[in-house]
Amino acid sequence: MTTGGAGCTATSQIHAGYEPQAPYRPVAVPIYQTAAYEFPDYASARRMFALKEPGFTYTRTGNPTVAVLEQRIAALDGGVAALATATGQAAVSIALLTLVRSGGHIVASSKLYGGTVDLLTDTFKDFGIEVSFADPADVGAWAAAVRPQTRAFLTESIGNPLATLQDLPAIAEVAHGAGVPLVVDNTLATPVLYRPLDHGADIVVYSATKFLGGHGTTLAGAVVDGGRFAFSAYPDKWPQLTRPKRRYGGEILWERHGHGAYLALARSKYLHDLGPSLAPASAAQILQGLETLDIRVARHAQNTQAVVRFLAGHPAVAAVHHPSVPGHPQAGLAVRDFPRGAGSVFSFDLAADPGQVGPFIDRLRLFKLVANVGDTRSLVAHPAAMTHCRLSREQRAAAGIAETTIRLSLGLEDAADLVADLAQALAGLTGDTCPAAAPPAAVVHAGAPAEAHTGAHTGAHTGAHTGTEA
Ligand SMILES: Cc1ncc(COP(=O)(O)O)c(C=O)c1O
């Protein structure tokens, strides 16, 4: 049976990229826990090192378990190939470094995950790469930001944390008019809700740590190449792909790999040299999660409908930032482009003093205060103090993040329990004690005393952390 699979289908979630092999024919993808591979002979080793013969040489640049994950994600997104990485952060970094070198420039959405903003404004600045931020709702701002040195456009299909959408085909047109590819972080949408390559994007990146794995156990990332961007049409912009390279024996990557050249460079140079490779056991974890992706995403969407409806009608809530809310500026885009829902990670603003944010979060019992999204569990975060704490006040204002903005990532619990937990925590703001709205204790506490739970919220961290995760 051929199991490539076209489109994001339940069948390709389970089968794409893997065929059980003799002699044991294991039905689940085996974990090839090996650092390296024995070459059949010296001549093969020479050819493989010269990249003249395909094959696995060392797990930093390729592994059979990881390769199944790569093929599966590429199939789900309709890409020609994918590259797996140790984290989503590594995927974003490698996707961009393959395009932009020192002296280059990126046009990026002003509404991005805070860790990506850190990468762009701090680390890439150190590397001599400049970034201009443009409002994703203002296509003209993207055109105005283009410079001769621009080498990439970057946005998120659903922005973290405000669930911002944009007219992606219109932004893609501007990118292509400027001769540069559009890179889209599709972490919050997943290919179940949105396939950026179908809407004009050229390269897709993921934090697979989130919905693709879905269980909150394993870090991973991926870069998917649509294989359509014609780097050869602008040879002066892309010497790394269109000029002979000593590293590749004087060969030109575009001539050798054609539309696979971008990912060939990403793997053979950036993954090879920087080393953020995905471990085989982690790839197996993500593969296991992927098998149920569409079912989980549908349940996340159902819970989102219920919680958004509840929050939008609550007097202690000033605004709900989800495109399904009537009157939301991107409600029309949601209907046009996201028929299965515009994601389950979104934010709302408390109609309260910023000093009420901490007590509100500490009153939540079912929602966990966690710097992550896309878990089976419902999670809460305070972007201004956590994921986006390194942004300047101006950057946060441009991103639409207020001091009272609360981010939720809705899990797979019962919607009624999620609503009840939010209701009892919001009741503290309105002075309504409403004990009947509290979620069932057995569900909430699951053996952990309330004090211990609150203590975890208020800072019993001991491990090293940087405060902008997820
Ligand atoms: C949209 C988005 N992209 C990338 C990342 C980075 O992913 P990772 O934490 O797997 O490195 C995150 C993390 O939260 C994210 O939300």
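Reading the values: rules and limits
- Residues numbered from 1 in each chain as written.
- Predicted model: local features only at pLDDT ≥ 70, side-chain atom pairs only at ≥ 80, totals over all residues.
- Heavy atoms only, no water.
- Axes fitted to C-alpha atoms, helices over the stretch in contact; angles between N-to-C directions.
- Helix = DSSP H or I, 4+ residues; strand = E, 2+ residues; numbered from the N terminus.
- Parallel < 35°, antiparallel > 145°, perpendicular 65-115°, else oblique.
- Left-handed = near helix turned anticlockwise from the far one by under 90°.
- Contact = heavy atoms within 4.5 Å.
- Nonpolar A, V, L, I, M, F, W, Y, C, P; charged D, E, K, R; others polar.
- Domains from an automatic or database assignment.
- Buried area = accessible area lost by both parts, 1.4 Å probe.
- Salt bridge = Lys/Arg side-chain N within 4 Å of Asp/Glu carboxyl O.
- Polar contact = N/O pair within 3.5 Å; in protein donor to acceptor, adjacent residues only side chain to side chain.
- Buried < 20%, exposed > 50% of the residue type's maximum accessible area, 1.4 Å probe, protein only.
- 1 Å grid on protein atoms, 1.4 Å probe; cavity = no way out; pocket = protein on both sides within 12 Å on 5 of 7 lines; lining within 4 Å.
- Points joined across faces, edges and corners; volume = space filled by probe spheres on them.
- Pairing = 2+ DSSP bridges.
- Core = buried A, V, L, I, M, F, W, Y, C linked by side-chain atoms within 4.5 Å.
- Near = heavy atom within 4 Å.
- Areas by Shrake-Rupley, 256 points an atom, 1.4 Å probe, with all protein chains shown as cover.

1. Remarks on the packing of helix α13 (residues 293–312) against helix α17 (residues 415–430)
Two measures define how a pair of helices packs: the angle their axes make with one another and the distance between the axes. Across the interface, α13 lies against α17 with an axial gap of 9 Å and an inter-helix angle of 25°. The orientation of α13 with respect to α17, classified from their angle, is roughly parallel. Crossing of α13 against α17: the hand is right-handed. Contacts between α13 and α17 involve N303, A306, V307, F310 and L311 from the former and A415, L418, V419, L422, A423 and L426 from the latter. In terms of residue class, the contact of α13 with α17 is built from 10 nonpolar, 1 polar and no charged.

2. Overview of the domain arrangement of the chain
Parsing the chain into structural domains produces domain 1 (26–289) and domain 2 (292–457). Taken together, the contacts link 38 residues of domain 1 with 41 residues of domain 2. Taking both partners together, domain 1 and domain 2 bury about 3100 Å²; carbon and sulfur atoms supply 61% of that area. The interface formed by domain 1 and domain 2 holds 2 salt bridges in total. Of the charged contacts, one joins D167 and R336 as a salt bridge, the two residues approaching to 3.0 Å between their closest N and O atoms. Inspection of the region where domain 1 meets domain 2 yields 16 residue pairs in polar contact (both at pLDDT 80 or more). Mapped by element, the contributors of at least two residues to the side of domain 1 that touches domain 2 are α5 (114–126), α8 (190–193) and α12 (280–290). Ranked by residues supplied to the side of domain 1 that touches domain 2, first place goes to α5 with 5 residues. For the side of domain 1 that touches domain 2, a count of residues per class yields 17 nonpolar, 17 polar and 4 charged.

3. Regarding the pattern of salt bridges
Taken as a whole and judged by the stated rule, the model has 15 salt bridges. The shortest N-O distance in the salt bridge between K111 and D135 comes to 4.0 Å. Here K111, found in the loop between β2 (105–109) and α5, pairs with D135, found in the loop between β3 (130–134) and α6 (139–145); they are 24 residues apart in sequence, far enough to count as distant. On the basis of relative accessibility, which here comes to 32%, the residue D135 falls in the partly exposed class. Here D236 makes a salt bridge to R243, at a shortest N to O gap of 2.7 Å. D236 gets classed as exposed once you look at its relative accessible area, which sits at 64%. Among the ionic contacts, a cluster of salt bridges with common partners joins K52, E251 and R256.

4. Points about empty space enclosed by the protein
Tallied over the entire structure, the rule returns 2 cavities of 30 Å³ or more. Among the secondary structure elements, those contributing two or more residues to the lining of the largest cavity are α3 (64–77) and α11 (261–274). Residue classes in the lining of the largest cavity are distributed as 4 nonpolar, 5 polar and 3 charged. Considered as a void within the structure, the second largest cavity measures approximately 30 Å³ in volume. Looking at the lining of the second largest cavity residue by residue, the classes come out as 2 nonpolar, 5 polar and 2 charged.

5. Comments concerning the sheet that holds strand β6 (residues 203–207)
Pairing is mixed in the open sheet, where 7 strands are placed in the order β1-β7-β6-β5-β4-β2-β3. A single partner strand is all that each edge strand has here, and the edge strands are β1 (81–85) and β3. Geometrically, the sheet is characterised by an average inter-axis angle of 20° between neighbouring strands, direction not taken into account. Helix α4 (residues 88–97) rests against β1, β2, β4 (150–156), β5 (182–185), β6 and β7 (221–225) of the sheet, and its axis sits at about 160° to β6. Strands in contact with α5 are β2, β3 and β4; relative to β3, the strand with the most contacts, it is inclined by about 145°.

6. Some points on the layout of surface pockets
Quantified by volume, the largest pocket comes out at close to 1000 Å³. Considering the residues around the largest pocket, the lining is formed by 30 residues, among which L51, G55, T61, R267 and S268 are closest to the centre. Listed by contribution, the elements that provide at least two residues to the lining of the largest pocket are α2 (42–49), α3, β1, α10 (253–257) and α11. For the lining of the largest pocket, the element with the highest residue contribution is α11, accounting for 5 residues. Tallied by class, the residues present in the lining of the largest pocket amount to 14 nonpolar, 9 polar and 7 charged.

7. Considerations on the nonpolar core
One finds I106, L311, F360 and L408 to be the most contacted residues of the largest nonpolar core, which totals 120 residues. Counting residues per element, this core draws most heavily on α11, at 7 residues. Per-domain counts for this core show at least three residues from each of domain 1 (26–289) and domain 2 (292–457). Each residue touching I106, except ones within four places of it in the same chain, is listed here: L96, V100, L120, F124, I129, E130, V131, S132, A152 and L154.

8. A word on the site of the ligand
Not every one of the 13 residues close to the ligand is listed here, only the nearest: Q89, D185, S207, T209 and A470. A distance of 2.8 Å separates an oxygen atom of the ligand from a polar atom in the backbone of Q89. S207 has a polar side-chain atom sitting 2.8 Å from an oxygen atom of the ligand. In the complex, 94% of the free accessible area of the ligand, which totals 390 Å², lies under the protein chains. When grouped by side-chain class, the residues that make up the shell around the ligand number 3 nonpolar, 7 polar and 3 charged.

9. As for the side chain of T405
Tracing the sequence through the fold places T405 in strand β12 (residues 405–409). Among the polar contacts listed, one links the side chain of T405 to the side chain of D349, at a separation of 2.7 Å. Reaching out from T405, the side chain makes a polar contact with the backbone nitrogen of A402 at a distance of 2.8 Å. Contact partners of T405, with chain neighbours within four places excluded, come to L162, S347, F348, D349, H382, P383 and G400.

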